[in-house]
Amino acid sequence: MEDDGKPLLDPVRAEESYIEADQNGFDSLDPKSRRPFYVEPRNIVDKDTQERVSAEASVMNSRMQYYSRLTGSSDRLLIPPDHVIPAPDEIYVYSPLGTAFKIQGNADGSGKNPSIITIFAIWNTMMGTSILSIPWGIKQAGFTFGVIIVILMGILTLYCCLRVLKSRAAIPFIDTSSWEFPDVCKYYFGSFGQWSSLAFSMVSLVGAMIVYWVLMSNFLFNTGKFIYNFVHHVNVTDTDVGTNGTDRVICPFPSKEHHANHSADEYMTYGNNTEDVFDQWWHKTKTVPLYLIILLLPLLNFKSASFFARFTFLGTVSVAYLIILVTLKAARLGFHLEFHWFHSTDFFVPEFRSLFPQFTGVLTLAFFIHNCVITLLKNNKNQENNVRDLSVAYLLVGLTYLYVGILIFAVFPSPPLSKDCIEPNFLDNFPSSDILVFIARACLLFQMSTVYPLLGYLVRVQLMGQIFGKPYPSVFHVMTLNLIIVGAGVLMARFYPNIGSIIRYSGATCGLAYVFVFPSVIHMISLHRSGQLRWPSAVFHSFLIVLGIANLIGQFLM
Amino acid sequence: MTSTAMKKKVLLMGKSGSGKTSMRSIIFANYIARDTRRLGATIDVEHSHVRFLGNLVLNLWDCGGQDTFMENYFTSQRDNIFRNVEVLIYVFDVESRELEKDMHYYQSCLEAILQNSPDAKVFCLVHKMDLVQEDQRDLIFKEREDDLKRLSRPLECTCFRTSIWDETLYKAWSSIVYQLIPNVQQLETNLRNFAQIIEADEVLLFERATFLVISHYQCKEQRDAHRFEKISNIIKQFKLSCSKLAASFQSMEVRNSNFAAFIDVFTSNTYVMVIMSDPSIPSAATLINIRNARKHFEKLERVDGPKHSLHMRMR
């Protein structure tokens, strides 16, 4: 064996030994590092007064020390299994300086976030760019109906999210602790489940990336325009229809018969009013999307996304700033609300509109977190509070959306402008010379350029991992994938930059699978397998599936 | 007659993978070389030179569940295997999903024992109990024990639940060894007298090969209930180190201001450990006492009849 020269009983400190935590990364190849020992009680540093090592831990230490002599150092025959190792609070980590410390919390790092952090993480993850489309969605559905839909969709998606969360626990006999929802789908539906969940996940991710490209082109354009005008002191006489005064609100596409889908021509004519060289080279749909390629395509090729994951705090800052911006605008513009229940007028829209499926589509993506909720809640310290924490997070998200949506809708200056003018990206309703909105656009631009590579990384890991078995098969494969995604983004930004439509179609599609169908079907199957499926439950969950399908069909019809 | 045929055996049997090799390694401080593990069934009869309780030889056999080659070999060698058996220790894996099969093989071993060594003692170990939830262990063990006792009739079997990750393995083997010593009550009485005469705090008697505690006497309550196993582990580690140097462990003295402990060879099959809490008594005095007692105890061992003597030598 390795250290025959070392005396078995150290004559100086015959009673010193240490117990080591295998789980927290001390798995070095050095066999000496795996020897347990325990420390004299006076050397144990802890917040409480001295505690002795328990008798069980002490004899286990003796056993492990002896057993480790019986096998080769790389032989795993007599390695203690996890369930016999003492609880983490009985394990001490020995420091070479002669003191020992107790391990705080769970050794492998999971389950140590207090509830408030978990709630915040969920809120942060769910708050995407769909917040920019909420006022437009409320406009499409009607004010009262819109508010009702937000509440109903929130509750519905929350219930389906809870189903996703609990789907893993219902699987008997298998250790599902490292599973995510696609693994559960694979368990229940075989390879069909695996591939379909991958396909729908791709829809949501690639859809989000396209939306990001469109928005980033928009923000880059406006930011560039603002800076150019500021630097050259150009006083822009805005030819857009809008209010007068310091807090100008514009209506980029005024038309009596205002449809949700702007035709491509309208976008194309935007900005073509002057012969300015700058405007030719800095065009919202023709040139700026291409300039973005230079910035973002290299970022997509990074092998690891951990660098970008550090910037998640920017998302919080942006949303917080948006809320402040909305509040300020509301204070300055004042409320303009009139309630016309079922028919539209020149300036207002009815309270209940038949275009509401568009809003439900947007909200499906706005409340979407089902593909990663299991991972997010895994780190919750008190797992029994998972349901409560998820519900609180959903409540906060719903309130944030309602706040922004209601305020923007309510303060949109309706006497000169029609409520119909509210754009799918509500920042478009403010001119590029508005400084507050400029800051918002710049912040969002920066934030989105850090999230975009993360989304690309997720797409790559999931798609490549599933098809080729490893996330980075070769530079060629990854480059091809990135070019396809970027190309789709550029094309959309060029020809169809209506983020409202992109969000609602991708939301309804991936929501169909991840929100409505898979959780309900899996729940029904697991109940059926354990013989507990009752009629009311089956009817209710089938109704959810019907709702999901109707949601998707509604996008195409309305 | 070959000498192998005449030596009394301890058979350690059980299904492949039930934990016998690990168990033997731990109890007898055998180094498990990697290649003897998992390369198929254990054909171990030629390798076990482990002497146990004097003249018993430990044989390890995988029983049941392998390919037909092993089955045939086992069946053809059956009489050879089961002749001259002093003890049968059968290991059951508590996790096994083939209970019927396990019981079937166990019964066929019992039949062979009845035919060839009807006086053998039978012990059943329900092993790997750490894999059962703590609150269910007693229940599951009771169930198995009832089944095994029923199946073993007319033979009497003693059942233990064991796991290498708690004290149950050591205690089970200590009980087995205790039952194998013929005059153990007499040994205990003498040990108590000895301890009281030399004013020792505690005196332990260990089996030589395994350092399992055969008997002990203590004059006051000791704090650590696991001290026997710990001492056994420490000595066995020391023996492992000694054997690397082709040295053999004979005796040890540990002394500090609070106590003095002496571990020494006692009889041909036992070691003794004496704890004195009065450090003023010189070592030499205690060692003389131990040496004198040794002669007395060796006589005790020779007293009993030839069949059960620990001291028996067969040529």
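From a predicted model like this one, the values you see are computed outputs, not experimental measurements.

Undergrad: Whenever I open this one, the overall build of chain B confuses me. Can you help?
TA: When helices and strands are counted, chain B shows ten helices and eleven strands. Among the 315 residues that make up chain B, the fraction classed as buried is 51%. Surface summary for chain B: the accessible area is close to 15,500 Å², and the carbon and sulfur share equals 50%.

Undergrad: Explain the overall build of chain A to me, please; I cannot follow it from the model alone.
TA: In terms of helices and strands, chain A carries 17 helices and five strands. The proportion of buried residues among the 558 residues of chain A is 51%. Counted over contacts in chain A with a minimum sequence separation of 6, partners at least 24 positions apart contribute 77%.

Undergrad: Explain the interface of chain B and chain A to me, please; I cannot follow it from the model alone.
TA: Accessible area lost during the coming together of the parts is what is often quoted as the interface size. Counting residues at the interface gives 26 residues for chain B and 27 residues for chain A. Approximately 2,500 Å² of surface area, both sides summed, lies buried where chain B meets chain A, with 61% of it carried by carbon and sulfur atoms. A per-residue breakdown of the area chain B buries against chain A is headed by B:Tyr31, B:Trp165 and B:Gln237, which together make up 29% of the total. The interface formed by chain B and chain A holds six residue pairs in polar contact (both at pLDDT 80 or more) in total. Among the secondary structure elements, those contributing two or more residues to the side of chain B that touches chain A are helix 2 (20–28) and helix 9 (227–244) of chain B. Here the side of chain B that touches chain A takes ten residues from helix 9 of chain B, the largest share from any one element. Classifying every residue of the side of chain B that touches chain A by side-chain character gives ten nonpolar, seven polar and nine charged.

Undergrad: Whenever I open this one, the pairing of strand 10 (residues 260–265) of chain B confuses me. Can you help?
TA: Successive residues of a regular strand alternate their side chains across the two faces of the sheet. All names here are of chain B. Where burial is concerned, most of strand 10 is hidden: six out of the six residues are buried. Hairpin connection of strand 9 (residues 252–255) to strand 10: four residues between the antiparallel strands. Of the pairings in the sheet, the one linking strand 10 to strand 11 (residues 270–276) comprises six bridges and is antiparallel in character. Residue pairing in the sheet places Phe-262 in a bridge with Val-274 of strand 11. Hairpin connection of strand 10 to strand 11: four residues between the antiparallel strands.

Undergrad: Would you explain the nonpolar core in this entry?
TA: If you look at the biggest cluster of nonpolar residues, it comprises 118 residues, and the most contacted ones within it are A:Leu390 and A:Tyr452. The residues contacting A:Tyr452, other than those within four sequence positions of it, are A:Met209, A:Tyr212, A:Trp213, A:Met216, A:Leu296, A:Leu300, A:Ile485 and A:Val486. Within the second largest apolar cluster, 74 residues are counted, among which are A:Tyr66, B:Leu60, B:Trp165 and B:Ala172.

Undergrad: Explain the side chain of A:Gln140 to me, please; I cannot follow it from the model alone.
TA: Residue and element names in this part refer to chain A. Within the secondary structure, Gln-140 sits in helix 3 (residues 134–141). The exposure class of Gln-140 is buried, given its relative accessible area of 1%. A polar side-chain atom of Gln-140 sits 2.6 Å from a polar atom in the side chain of Gln-358.

Undergrad: Mind showing me how you'd approach the packing of helix 2 (residues 115–126) of chain A against helix 13 (residues 386–411) of chain A here?
TA: All names here are of chain A. Packing of helix 2 against helix 13 brings their axes to within 9 Å, and their N-to-C directions diverge by 45°. The angle between the axes of helix 2 and helix 13 places the two elements in the oblique class. Judged by the sense of rotation from one axis to the other, the crossing of helix 2 with helix 13 is right-handed. Only Arg-388, Asp-389, Leu-390, Val-392, Ala-393, Tyr-394, Leu-396, Val-397, Thr-400 and Tyr-401 of helix 13 make contact with helix 2, whose side of the interface consists of Ser-115, Ile-119, Ile-122, Trp-123 and Met-126. When grouped by side-chain class, the residues that make up the contact of helix 2 with helix 13 number eleven nonpolar, two polar and two charged.

Undergrad: Teacher, can you tell me more about the state of the cysteines here?
TA: Each disulfide consists of one covalent bond between the sulfur atoms belonging to two cysteines. All names here are of chain A. Applying the stated rule across the entire model yields one disulfide over all chains. Two residues, Cys-251 and Cys-421, share a disulfide whose sulfurs are 1.7 Å apart. Across the disulfide from Cys-251 to Cys-421, rotation about the S-S bond amounts to roughly -80°, and the bridge is consequently left-handed. Taken together, the residues Cys-251 in strand 5 (residues 250–251) and Cys-421 in the loop between helix 13 and helix 14 (435–468) connect sequence positions 170 residues apart. Of the residues examined, Cys-421 reaches a relative accessible area of 7% and is grouped as buried.

Undergrad: It is not clear to me how the packing of aromatic side chains should be interpreted in this structure. Could you clarify?
TA: Geometry of an aromatic ring pair is reported as the spacing of the ring centres plus the angle between the planes. Residues and elements named next belong to chain A. Counted under the stated rule, the structure contains 32 aromatic pairs over all chains. Here Tyr-159 and Phe-540 contribute two aromatic rings whose centre-to-centre distance is 5.4 Å and whose plane-to-plane angle is 70°, an arrangement assigned as edge-to-face. Separated by 381 residues along the polypeptide, Tyr-159 in helix 4 (residues 143–167) and Phe-540 in helix 17 (residues 535–557) bring together distant segments of the chain. With relative accessibility at 37%, the residue Phe-540 sits in the partly exposed group. With a centroid separation of 5.9 Å and 85° between ring planes, the pair formed by Phe-368 and Tyr-514 is classed as edge-to-face. Residue Phe-368 is located in the loop between helix 11 (356–366) and helix 12 (373–378), and its partner Tyr-514 is located in helix 16 (residues 499–529); the two are separated by 146 residues in the primary sequence. Considered together, Phe-368 and Tyr-514 belong to a single accessibility category, that of buried residues. Site record: aromatic cluster; members linked through ring pairs are Phe-181, Phe-189, Phe-368, Tyr-514 and Phe-518. A cation over an aromatic ring shows up here: Lys-419 above the ring of Phe-409, its NZ or CZ 4.9 Å from the ring centre.

Undergrad: What should I look at first to understand helix 1 (residues 55–68) of chain A in this one?
TA: Owing to its 3.6 residues per turn, the α-helix aligns residues three or four sequence positions apart on the same side. For helix 1 of chain A, which comprises 14 residues, the first-to-last C-alpha distance of 20 Å matches the rise-based estimate of 20 Å (1.5 Å per residue) to within 8%. In terms of residue burial, helix 1 of chain A counts as a mostly covered element, since ten of its 14 residues are buried. Those residues of helix 1 of chain A that sit buried are A:Ala57, A:Ser58, A:Val59, A:Met60, A:Asn61, A:Ser62, A:Arg63, A:Met64, A:Tyr66 and A:Tyr67. Contacts from the buried residues of helix 1 of chain A go to helix 2 and helix 9 of chain B.

Undergrad: Please clarify how helix 3 of chain A should be interpreted in this entry.
TA: Counting buried residues in helix 3 of chain A gives eight out of eight residues, a clear majority hidden from the surface. Among the structural elements, helix 4, helix 11, helix 13 and helix 16 of chain A are those in contact with the buried residues of helix 3 of chain A.

Undergrad: Looking at this structure, how should I read the confidence of the model for chain B?
TA: Detailed reading of the predicted coordinates is not advisable wherever pLDDT is low. Residue and element names in this part refer to chain B. The predicted model of chain B averages 80 in pLDDT, with 83% of residues at 70 or higher. For residues 1–5, every residue scores under 50 in pLDDT, and the model assigns this stretch two contacts once sequence neighbours within four places are set aside. Throughout residues 305–315 the model reports pLDDT below 50, and contacts reaching past four residues in sequence, or to other chains, amount to 20 contacts. Model confidence for the complex is summarised by a pTM of 0.55, with the ipTM given as 0.84.

Undergrad: Is there a simple way to explain unusual backbone geometry in this structure?
TA: One can expect most non-glycine residues to show negative phi and most peptide bonds to be in trans. Residues and elements named next belong to chain B. Each neighbour pair has its own omega, and for Arg-153 with Pro-154 the value is 5°, a cis peptide bond. Even without a glycine there, the phi angle at Lys-128 is positive, about 65°. Here Lys-128 is to be found in the loop between strand 5 (121–127) and helix 6 (137–152). Lys-128 gets classed as partly exposed once you look at its relative accessible area, which sits at 21%. One non-glycine residue, Phe-211, lies in the positive phi region at around 55°. For Phe-211, the position within the fold is in the loop between strand 7 (202–207) and strand 8 (213–218).

Undergrad: Could you clarify how one ought to interpret a nonpolar patch on the surface in this entry?
TA: A contiguous nonpolar surface patch, about 330 Å² in accessible area, is contributed by A:Val392, A:Leu395, A:Leu396 and A:Leu399. Among the structural elements, A:Leu395 can be located in helix 13.

Rules used throughout
Residues numbered from 1 in each chain as written. Chains lettered and ligands numbered in written order. Predicted model: local features only at pLDDT ≥ 70, side-chain atom pairs only at ≥ 80, totals over all residues. Heavy atoms only, no water. Helix = DSSP H or I, 4+ residues; strand = E, 2+ residues; numbered from the N terminus. Buried < 20%, exposed > 50% of the residue type's maximum accessible area, 1.4 Å probe, protein only. Areas by Shrake-Rupley, 256 points an atom, 1.4 Å probe, with all protein chains shown as cover. Contact = heavy atoms within 4.5 Å. Buried area = accessible area lost by both parts, 1.4 Å probe. Polar contact = N/O pair within 3.5 Å; in protein donor to acceptor, adjacent residues only side chain to side chain. Nonpolar A, V, L, I, M, F, W, Y, C, P; charged D, E, K, R; others polar. Pairing = 2+ DSSP bridges. Core = buried A, V, L, I, M, F, W, Y, C linked by side-chain atoms within 4.5 Å. Axes fitted to C-alpha atoms, helices over the stretch in contact; angles between N-to-C directions. Parallel < 35°, antiparallel > 145°, perpendicular 65-115°, else oblique. Left-handed = near helix turned anticlockwise from the far one by under 90°. Disulfide = S-S within 2.5 Å. Phe/Tyr/Trp six-rings, centres within 6.5 Å; stacked < 30°, edge-to-face > 60°. Lys NZ or Arg CZ within 6 Å of the ring centre and 35° of its normal. Expected span 1.5 Å × (residues − 1). pLDDT = per-residue confidence, 0-100. Patch = residues over 30% accessible without salt bridge, like charges linked within 9 Å, V, L, I, M, F, W, Y side chains within 5 Å. Salt bridge = Lys/Arg side-chain N within 4 Å of Asp/Glu carboxyl O.

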